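These are the residues of each chain, in order.
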Amino acid sequence: MEDYADELKKELSVVKGVARVELWGVQDKVVYLDASEQQLSERGITAENFMATLGRQNMVVDAGYVDAQQRRFRVAPTGEFSTPEEIGELYLHPTPLDLFNLPLSASTPQGADITQPEQYIRTRDLAAPQELIRIRDIAEVKAGYLEPPNTLMRFNGQPAIAIQLANVEGGNVVQTGKNIEKRLNEIMPHLPIGIEITKLAWQSDLVNTAINDFMINLLEAVAIVLIVLAIPMGIRMGIIIGTGLILTILATFILMAIFKIDLERMSLGALVIALGMMVDNSIVVADGISVRLKQGMDPKKAAIEAASQPAMPLLGATIVAVMAFYPIFASVADAGEYCRTLFIVVAYSLLLSWLIAVTITPIQCMQMLPVSKKSEDEADEYGGKFFSGYRKLLESAIRRRWLFMGGMVGLLLVSVVGFGGVRQMFFPDSARPQLMVDFWFPEGTRIQEVSERIQPVENRLMNDERVANVSAFNGSGPPRFYLPVDPELPYQNYAQLIVNTHTFKDIDPLIAEFEPWLQTNYSGAVIRVRKYGVGVSENWKLEWHISGPANADLKTLREIGDQAVAILENIPYAKDIKTSMMNPV
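As the structure is a computational prediction, the values presented were derived from the model and not from experiment.

Colleague: Would you take a moment to explain empty space enclosed by the protein for this structure?
Modeller: Once rolled over the atoms, a probe with the size of a water molecule shows which space is left empty. As enumerated under the stated definition, the model contains three cavities of 30 Å³ or more in all. By volume, the largest cavity is sized at about 100 Å³. The wall of the largest cavity is formed by 15 residues, among which Pro478, Val485, Asp486, Pro487 and Gln496 lie closest to the centre. Elements represented by at least two residues in the lining of the largest cavity include exactly β9 (434–440) and β11 (494–501). Its residues assigned to classes, the lining of the largest cavity shows nine nonpolar, one polar and five charged.

Colleague: Where do I start with a nonpolar patch on the surface in this structure?
Modeller: Taken together, the side chains of Ile246, Leu247, Leu250 and Ile360 make up a nonpolar region of the molecular surface, amounting to roughly 300 Å² of accessible area. The dominant element in the nonpolar patch, judged by the number of residues it contributes, is helix α9 (residues 235–258), at three residues. Mapped onto the elements of the fold, Ile360 is located in helix α15 (residues 334–368).

Colleague: I keep staring at the pattern of salt bridges and nothing clicks. Help me out?
Modeller: Any two side chains of opposite charge can pair if their charged atoms end up close together. Across all of its chains, the model carries 20 salt bridges by this definition. For Asp67, the salt bridge is made with Arg72, and the minimal N-O distance between the two is 2.8 Å. The class for Arg72 is exposed, based on a relative accessible area of 54%. The salt bridge involving Asp464 is made with Arg466; its shortest N-O contact spans 2.8 Å. For the pair formed by Asp464 and Arg466, the shared burial category is buried. In this structure, a network of salt bridges that share partners links the residues Glu89, Arg134, Arg136 and Asp137.

Colleague: Teacher, can you tell me more about α15 here?
Modeller: It helps to recall that an α-helix has 3.6 residues per turn; residues three or four apart then point in one direction. Its 35 residues place the ends of α15 49 Å apart at the C-alpha level, agreeing with the 51 Å of an ideal helix rising 1.5 Å per residue. The largest bend in α15 is about 40°, located at Ala357.

Colleague: Would you mind going over the nonpolar core with me for this structure?
Modeller: Note that soluble globular proteins tend to have their nonpolar side chains buried in a common cluster. If you look at the biggest cluster of nonpolar residues, it comprises 45 residues, and the most contacted ones within it are Leu245, Ile249, Leu275, Met278, Ile289 and Leu369. Elements that contribute at least two residues to this core include exactly α8 (203–233), α9, α10 (265–278), α11 (280–294), α12 (299–308), α13 (311–323) and α15. Tallying contributions element by element places α15 first for this core, with eleven residues. Ignoring sequence-local partners within four residues, the contact set of Met278 consists of Leu245, Thr248, Ile249, Leu271, Ser349, Leu350 and Ser353.

Colleague: How should I be thinking about the packing of aromatic side chains in this particular structure?
Modeller: How two aromatic rings sit relative to each other is set out by the distance from centre to centre and by the angle between their planes. Scanning the entire structure with this criterion turns up 13 aromatic pairs. Consider the rings of Trp24 and Phe473, whose centres lie 5.0 Å apart with planes at 75°: the pair is edge-to-face. Taken together, the residues Trp24 in strand β1 (residues 18–24) and Phe473 in strand β10 (residues 467–474) connect sequence positions 449 residues apart. Residue Trp24 shares its accessibility class with Phe473, and that shared class is buried.

Colleague: Please clarify how the packing of α13 against α15 should be interpreted in this entry.
Modeller: Relative placement of two packed helices is described by the angle separating their axes and the distance separating the axes. Packing of α13 against α15 leaves a shortest axis separation of 9 Å and a crossing angle of 170°. Classified by the interaxial angle, the pair formed by α13 and α15 is roughly antiparallel. Contact residues: α13 offers Ala311, Met312, Leu314, Leu315, Thr318, Ile319, Ala321 and Val322, while α15 offers Phe343, Val346, Ala347, Leu350, Leu351, Trp354 and Val358. Here the residues of the contact of α13 with α15 sort into 14 nonpolar, one polar and no charged.

So, how was this worked out
Residues numbered from 1 in each chain as written. Predicted model: local features only at pLDDT ≥ 70, side-chain atom pairs only at ≥ 80, totals over all residues. Heavy atoms only, no water. 1 Å grid on protein atoms, 1.4 Å probe; cavity = no way out; pocket = protein on both sides within 12 Å on 5 of 7 lines; lining within 4 Å. Points joined across faces, edges and corners; volume = space filled by probe spheres on them. Helix = DSSP H or I, 4+ residues; strand = E, 2+ residues; numbered from the N terminus. Nonpolar A, V, L, I, M, F, W, Y, C, P; charged D, E, K, R; others polar. Patch = residues over 30% accessible without salt bridge, like charges linked within 9 Å, V, L, I, M, F, W, Y side chains within 5 Å. Areas by Shrake-Rupley, 256 points an atom, 1.4 Å probe, with all protein chains shown as cover. Salt bridge = Lys/Arg side-chain N within 4 Å of Asp/Glu carboxyl O. Buried < 20%, exposed > 50% of the residue type's maximum accessible area, 1.4 Å probe, protein only. Expected span 1.5 Å × (residues − 1). Bend = angle between axes of the 7 residues up to and from the residue. Core = buried A, V, L, I, M, F, W, Y, C linked by side-chain atoms within 4.5 Å. Contact = heavy atoms within 4.5 Å. Phe/Tyr/Trp six-rings, centres within 6.5 Å; stacked < 30°, edge-to-face > 60°. Axes fitted to C-alpha atoms, helices over the stretch in contact; angles between N-to-C directions. Parallel < 35°, antiparallel > 145°, perpendicular 65-115°, else oblique.

Below, the structure is given as structure tokens:
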């Protein structure tokens, strides 16, 4: 399986748009030297002898060069190991301590030079000639895998290797995903039966879906704005303001391309947030022109007057609206870095809406709005029933201003109290159809035991019709495929399951059923079931650091941590409690 994963890595590395390909779950290959302790003791050989021998072999050194007339040739020494059996042919070297204790006796072979330790190694009989001992004479040399392994992975209960691909900086991840899928479709027919390739997390599909959903939402929002404007202001005014809105959005896209701002969650969300504010400037200008035209004013004069008089006040109001988002941009926290494009795109769109409102909108109004034949003195735009009723309501509020202000203060207090019941969440949960399950077993639990103990969990999830597939990562967190989530550091007693569901709506019911079962059947482990978040999300919402002087007793620190855990366990608002030091081993 590893050989096929390596071949896939080579093939995918040359796909257009792929910057890096890495493997996760590959088992480290090692060569074991198994020797009998009794045999080593009889010959006076220690582990240091093996280390001294192997440490001098296969060293990367500069072997020099040879000058031949006009050219220089590099000397490339040979002798690298190609098979484990070649290691067994090495002669054991004595350690420096062996040389220091080596006696000069009459029994030392004539002409032997004890300054060349690679020729001899001591035996128990100091008077006997030094004998040559190969590694294979006293040890079994065999190739294998590292035990215990550092990481283990399963996919739907079967051993697996994860392939992680990174997109080139500034590249189109959707197009890169299509290129990868095309290459995989070409490779898969050549793979043997039993080797399967399955998507665990495919960013290009998620991005493509998100962009398509946004474009649909954007079109719906534009249509709603046009309809809402057309009902009270007329179809012509709706077309004028709607055209300005569309031009503003297109111009914003152009600026985003010029300044290399990608279409991502924050930049697209900024357009949705600013959508309602983009039409404000155009409404003010277009309504001013409409009023003047109904009063019989010349179209050119009406357009110039209605656009020039409120231009600076509208610009000031636009800047105030933009600066409302500046604290997010100026934040030095991770959230500021993640959301910085929110401020930039809002600034682009609102400033462009002001520019279009004072330039293009007046021209549209001159061409599309009808000119009333009434004189300026005869026409009264605000003489209708609606404005007459509004005038009476305003006059009544001014006459009874103390009662009116008291009512406003009361509504403000009610809103403040009601706001306390609103759930505060800067970044909501992601709509990804995935969830994570973290397991921390007692410190000292072997990785093989961890892998075996979570198998029933995998089986239960795979039998659930709401689950598409289950991936198990033992010994460490999985490859980082989602920016807001930091993978867990390597721990032998740690494992994580990544569960893909068919739809996002399946996650909450699945967690509601699954979490109590886990707590009942795995009481000795710390288990955490969580959904993916949008934006910067901490692995732990609240952290308390217990520290002391350099000579602080670790036992005391652990006891304080256990006391804190006991207190939190009795608080109904606390959940998923663990200490980084965990239990002593």
